[in-house]
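Secondary and tertiary structure notes
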Amino acid sequence: MVVLSVGMRKSGTGWYFNMTNALLQAAGRQDIHTYREHPALRGVIKGRKKVAPLSTVKLARMVWAARGGNSFVVKTHAGPSRSLPLFTRLGLVKTTYLYRDPRDVVLSALDHAEAARAAGADIDLRRLTSLDDSLAMVQHELDRWEQWMRLPQVLKVRYEDLSRDTLAELRRLDAFLGLGLPETTLAAVAARYDKRAYGQGRAQRIIGDPLHLNKGVAGRFREEMSAEARAVCDQRLGPYLEKMGYQ
């Protein structure tokens, strides 16, 4: 089984991906950080765990690597491909999709861009230098959000729910993947990746953070975004905010 850990950018996708990988390992499945060396995955996975786009060829190669009862997770921010529903119906691929209040994504993306420029990191987010830049990126992500939300058989997860009750969301994930892990194992994974405990005793950083978290605070826009910037966001993002259930 191939697990696609998909997420809106700056919504905690790296955090959720890491916990998914931990659950799979606890169930005796493959660790993508080592399994990515499988011959069928060469040229499919970028870096240590990311796949984009989700083309038919890449999906087929991942399914080939998962034959014989193997299971692993990969991360992506890509939109769904036309062939994905077929792979899903055949039981070869399972997909989770994580999203977040887009106003928090706007702030988090700008933080990441500033940190990338300071660190000299050559990533695409470094091009974001203004509210308008970040809003344009977020609106692109929201187009993908609509595509993923239309698909059945996808586990949809809100970052706010994941942050508020991580264990409950890991129970949902365990059931969706059919792993059948005991409560003690789920609780151990939730504790291992607890954002508050993880941040204690270490310098906070964005570039190179294994959990890919900036501040990880839900609703931070309420305190950190100026009234003028929030008004612009509400105007540009209003239709999506309503559909997503954010006030």
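Quick caveat: nothing in here was measured; it's all calculated off a predicted structure. (Residues numbered from 1 in each chain as written. Predicted model: local features only at pLDDT ≥ 70, side-chain atom pairs only at ≥ 80, totals over all residues. Heavy atoms only, no water.)

**Section: the confidence of the model for the protein chain**
- Per-residue pLDDT for the protein chain has a mean of 90; in total, 92% of the residues score no lower than 70.
- Across residues 199-204, where pLDDT falls below 50, the model places three contacts with residues more than four positions away in sequence or in other chains. (pLDDT = per-residue confidence, 0-100. Contact = heavy atoms within 4.5 Å.)

**Let's talk about the packing of aromatic side chains**
- Considering all chains together, one arrives at five aromatic pairs under this definition.
- A ring pair is formed by tyrosine 97 and tyrosine 99, whose centres lie 6.2 Å apart and whose planes are at 20°; its orientation type is stacked.
- Accessibility expressed as a relative area gives 2% for tyrosine 97, which makes it buried.
- Plain terms: the ring middles of tyrosine 99 and tryptophan 145 are 6.0 Å apart, the flat faces sit at 70° to each other, and that makes the pair edge-to-face. In this pair, tyrosine 99 is assigned in strand 3 (residues 93-99) and tryptophan 145 in helix 6 (residues 131-149), connecting sequence segments 46 residues apart.
- Ring pairs connect the aromatic residues Tyr97, Tyr99, Trp145 and Trp148, which therefore count as one cluster.
- Lysine 94 extends its terminal NZ or CZ atom over the ring of phenylalanine 176, reaching a point 5.5 Å from the ring centre.
- For the cation-ring pair, arginine 100 lies above tyrosine 159, with the distance from its terminal atom to the ring centre recorded as 4.5 Å. (Phe/Tyr/Trp six-rings, centres within 6.5 Å; stacked < 30°, edge-to-face > 60°. Buried < 20%, exposed > 50% of the residue type's maximum accessible area, 1.4 Å probe, protein only. Helix = DSSP H or I, 4+ residues; strand = E, 2+ residues; numbered from the N terminus. Lys NZ or Arg CZ within 6 Å of the ring centre and 35° of its normal.)

**Let's talk about the nonpolar core**
- Ranked by internal contacts, the top residues of the largest apolar core, which has 73 residues, are Leu4, Met62 and Phe72.
- Apart from residues lying up to four places away in sequence, methionine 62 is in contact with Val2, Leu4, Leu41, Val44, Val51, Phe72 and Val74. (Core = buried A, V, L, I, M, F, W, Y, C linked by side-chain atoms within 4.5 Å.)

**Observations regarding the pattern of salt bridges**
- Tallied over the full model, the rule gives 13 salt bridges.
- The salt bridge involving aspartate 234 is made with arginine 103; its shortest N-O contact spans 3.3 Å. Residue aspartate 234 is found in helix 12 (residues 227-244), and its partner arginine 103 is found in helix 5 (residues 102-119); the two are separated by 131 residues along the sequence.
- Residue arginine 103 is classed as buried on the basis of its relative accessible area, which comes to 1%.
- Through salt bridges that share partners, Asp101, Arg103, Arg230 and Asp234 make up one connected network. (Salt bridge = Lys/Arg side-chain N within 4 Å of Asp/Glu carboxyl O.)

**Observations concerning a nonpolar patch on the surface**
- Taken together, Leu86, Leu90 and Leu92 make up a surface patch of nonpolar side chains, about 260 Å² in accessible area.
- Residue class for leucine 86 comes out partly exposed when judged on its relative accessible area of 44%. (Patch = residues over 30% accessible without salt bridge, like charges linked within 9 Å, V, L, I, M, F, W, Y side chains within 5 Å. Areas by Shrake-Rupley, 256 points an atom, 1.4 Å probe, with all protein chains shown as cover.)

**Focus: the packing of helix 1 (residues 13-26) against helix 8 (residues 166-177)**
- Taken N-terminus to C-terminus, the directions of helix 1 and helix 8 make an angle of 55°; their axes are 11 Å apart at the nearest point. On the basis of the axis angle, helix 1 is oblique to helix 8. Regarding helix 1 and helix 8, the two cross each other, and that crossing is right-handed. Here helix 1 contributes Trp15, Tyr16, Met19, Thr20, Leu23 and Leu24 to the contact with helix 8, which in turn contributes Thr166, Leu170, Leu173, Asp174 and Leu177. (Axes fitted to C-alpha atoms, helices over the stretch in contact; angles between N-to-C directions. Parallel < 35°, antiparallel > 145°, perpendicular 65-115°, else oblique. Left-handed = near helix turned anticlockwise from the far one by under 90°.)

**Observations regarding helix 12**
- With 18 residues, helix 12 extends only 22 Å from end C-alpha to end C-alpha; this falls clearly short of the ideal 26 Å at 1.5 Å per step.
- When the local axis directions of helix 12 are compared, the greatest deviation, roughly 75°, occurs at leucine 237, which is followed within four positions by the proline proline 239.
- Buried residues of helix 12: Ala229, Cys233, Leu237, Tyr240, Leu241 and Met244, and no others.
- Downstream of helix 12 by a residue or two, glycine 245 has a phi angle that is positive, lying close to 85°. (Expected span 1.5 Å × (residues − 1). Bend = angle between axes of the 7 residues up to and from the residue.)

**A look at helix 8**
- Helix length check: helix 8 (12 residues) gives 16 Å between terminal C-alpha atoms against 16 Å at 1.5 Å per residue, within 8%.
- Those residues of helix 8 not exposed but buried are Thr166, Glu169, Leu170, Leu173, Asp174 and Leu177. With its buried residues spanning 145° around the axis, helix 8 presents them on a single face.
- The secondary structure elements touched by the buried residues of helix 8 are strand 1 (2-7), helix 1, strand 3, strand 4 (154-158), helix 7 (159-164) and helix 9 (183-192). (Arc of directions from axis to C-beta.)

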